[in-house]
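# Descriptive structure summary
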Amino acid sequence: MAESAVPILEMKNVGKIFSQNGRAIEALRGANLRVKKGEFICLIGASGCGKSTLLRLAAGFEAATSGDNLMWGMPITGPGPSRGMVFQDYGLFPWLNVRDNIGFGPKSRGRPKGEIKETADRFIELVGLQNFSDVYPHQLSGGMKQRVAIARVLANDAEIVLMDEPFGALDAMTRERLQDELVEIWSRTGMTVLFVTHSIEEAIFLADRVVVMSPGPGRIDDEHVIDLGRPRDIASAEFNEWRRLLASRLHSHHARKAG
Amino acid sequence: MSTLASNREQETSAARKPDRIAWLPRLRPVLLGLAFPIALLAIWHFFTAGRPGSLIPPPHDVWLELWDLAFGGINDDAYSRTLYVHLLASVARVYGGFAMALMVALPLGMLIGRVALVRQLIDPTIQILRPVPVTAWLPLAMIIFGLGPRSAIFLVFLGAFYPILLNTVFGVRSVEPRLFEAAAMLGCTGSAQFFRVVLPAALPSIFTGMRLGLGFAWVVIVVGEMTGVQTGLGAIIMEARQLSRTEIVICGMIVIGVFGFLSDQLVMLIGRRLLAWSPSYG
């Protein structure tokens, strides 16, 4: 089919230069990326490699300095509900309870009250927060807040979910659990995910495809299709092989930079 | 910071409500809060009772005067049973001036906070006018608004105006930038963001400003009623002072204190209802 050939998200030779106190800082240079519908992609790299910048460009929070930044072949001109973002610091509205946070998007788009509530409740159930619908964010743990943030984006019919180190601030146990849940939700809903992380293990566990980036200036180095079946066993030999391979890829960049 | 369940996340949420109210721990702060004024009262009594030369009347005389002001039947002079009139006049001015301050300071504060042009135009003037004490405005107020309640209301307005304005400006300016991004990616952009993000985010600050403003309104009422009005708690305090009726002065002080306190409690009650989501109010 011709339609499926058009990627949901496409970056062609995208560059981003920030000017800070009159100094130009090149955050991203010549990035090329094609994301197909339903794919789970992880961006990985050391800090300063431009992975968060790339994500913010995809969200429309920043405009590219050069190159084409396209969704379904159309230029991205600003943030919009088709590209939902999950922030590391949650970004929940503290004055809204769980249900209203999740209903924020549908409400913004003028949906009728009954439908908003129904949608919110459906996604509350999806992330398992039925007992917390009326609770305010400051009463929730970090893992629960991030569940709300994910549900909020999904409830708004986001076609692609952009996640910026979403589990980075969580403890290890909660983190593993949310990774499991995310994979499950992804396989159930067929959503597309672009996920930034600095954890090699997280990337291999989650992604169909891992994109490796390196700093100075930020750029994409290579891509790896993770051909492991799901659910993935992080203790398996194949998983370890991937871990070793990606670690060497990342470290070789460090060595190259130092040299 | 209260976290319902930090480690095991899915536990029931109802565990927080205590089903039996323990009375002693609840009563303790009340008792402690009363202990200090009772001690002050005792000291006051000790130094003034039974000393005819004392310029400060003893607590018992003040109590009798307060009773007479409220219900009459003791002195039966010009002040008997006039407390309601004065209280009502003062309350009307306090809330009148406060309401006017709200009507001006809230929209102005939002504009100064969110519109650079308005900020650059008005903020410097406000910063210079702000340190001018309300008392200093008294002569000008009497020239502009004449003798009478209008000057009083104006001074109360001024007293309440700055705290409301400054806290509103602070509130609408210090919205976390992340929340604008979150709203934008959910489809809430432009002016809708003002009502769905800026306003609710600024509400705790605005409320703090309102609370401070109402407090100042009560503080300023005595000065405000020095402008030649016949009624009001400030007016009888000033009049009683000239007549050396110190017990009436003290009665006026007590009534202002009590009603200022009650009105602050009322605001806090509303605040707790409205801002249950905020860790600093709820």
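Residues numbered from 1 in each chain as written. Chains lettered and ligands numbered in written order. Predicted model: local features only at pLDDT ≥ 70, side-chain atom pairs only at ≥ 80, totals over all residues.

Residues and elements named next belong to chain A. Overall, mixed pairing links the six strands, which are arranged β6-β7-β8-β3-β9-β10 in an open sheet. The outermost strands of the open sheet, each flanked by one partner alone, are β6 (83–86) and β10 (219–225). For this sheet, the mean angle separating the axes of adjacent strands, direction not counted, is 20 degrees. Direction of pairing for strand β9 (residues 209–214) relative to β10: antiparallel, over a ladder of six bridges. Residue Val-212 lies in a different strand from β10, and its bridge partner there is Asp-222. (Pairing = 2+ DSSP bridges. Helix = DSSP H or I, 4+ residues; strand = E, 2+ residues; numbered from the N terminus. Axes fitted to C-alpha atoms, helices over the stretch in contact; angles between N-to-C directions.)

With that settled, the discussion passes to helix α1 (residues 51–59) of chain A. Residues and elements named next belong to chain A. With respect to burial, α1 is a largely interior element, nine of its nine residues being buried. Here α1 has its buried residues at Lys-51, Ser-52, Thr-53, Leu-54, Leu-55, Arg-56, Leu-57, Ala-58 and Ala-59. Directly beyond the C-terminal end of α1, a positive phi value near 95 degrees is found at Gly-60. (Buried ≥ 20, exposed ≤ 12 C-beta atoms within 10 Å, placed from the backbone.)

Moving on, we come to the domain arrangement of chain A. All names here are of chain A. Split by domain assignment, chain A resolves into domain 1 (3–82 + 159–258) and domain 2 (90–158). Centre-to-centre, using C-alpha coordinates, domain 1 lies 25 Å away from domain 2. Across the contact, 14 residues belong to domain 1 and eleven residues belong to domain 2. Elements that contribute at least two residues to the side of domain 1 that touches domain 2 include exactly β7 (160–164) and α6 (172–189). Take the side of domain 1 that touches domain 2: its biggest share by element is four residues, from α6. In terms of residue class, the side of domain 1 that touches domain 2 is built from ten nonpolar, three polar and one charged. (Domains from an automatic or database assignment. Contact = placed C-beta atoms within 7 Å. Nonpolar A, V, L, I, M, F, W, Y, C, P; charged D, E, K, R; others polar.)

So, on to unusual backbone geometry. Residue and element names in this part refer to chain A. Gly-216 connects to Pro-217 through a cis peptide bond whose omega is -15 degrees. Tracing the sequence through the fold places Pro-217 in the loop between β9 and β10. Omega for the bond connecting Arg-230 with Pro-231 falls within 30 degrees of zero, at 0 degrees, which places this linkage in the cis form. One non-glycine residue, Asn-13, lies in positive phi territory at about 55 degrees.

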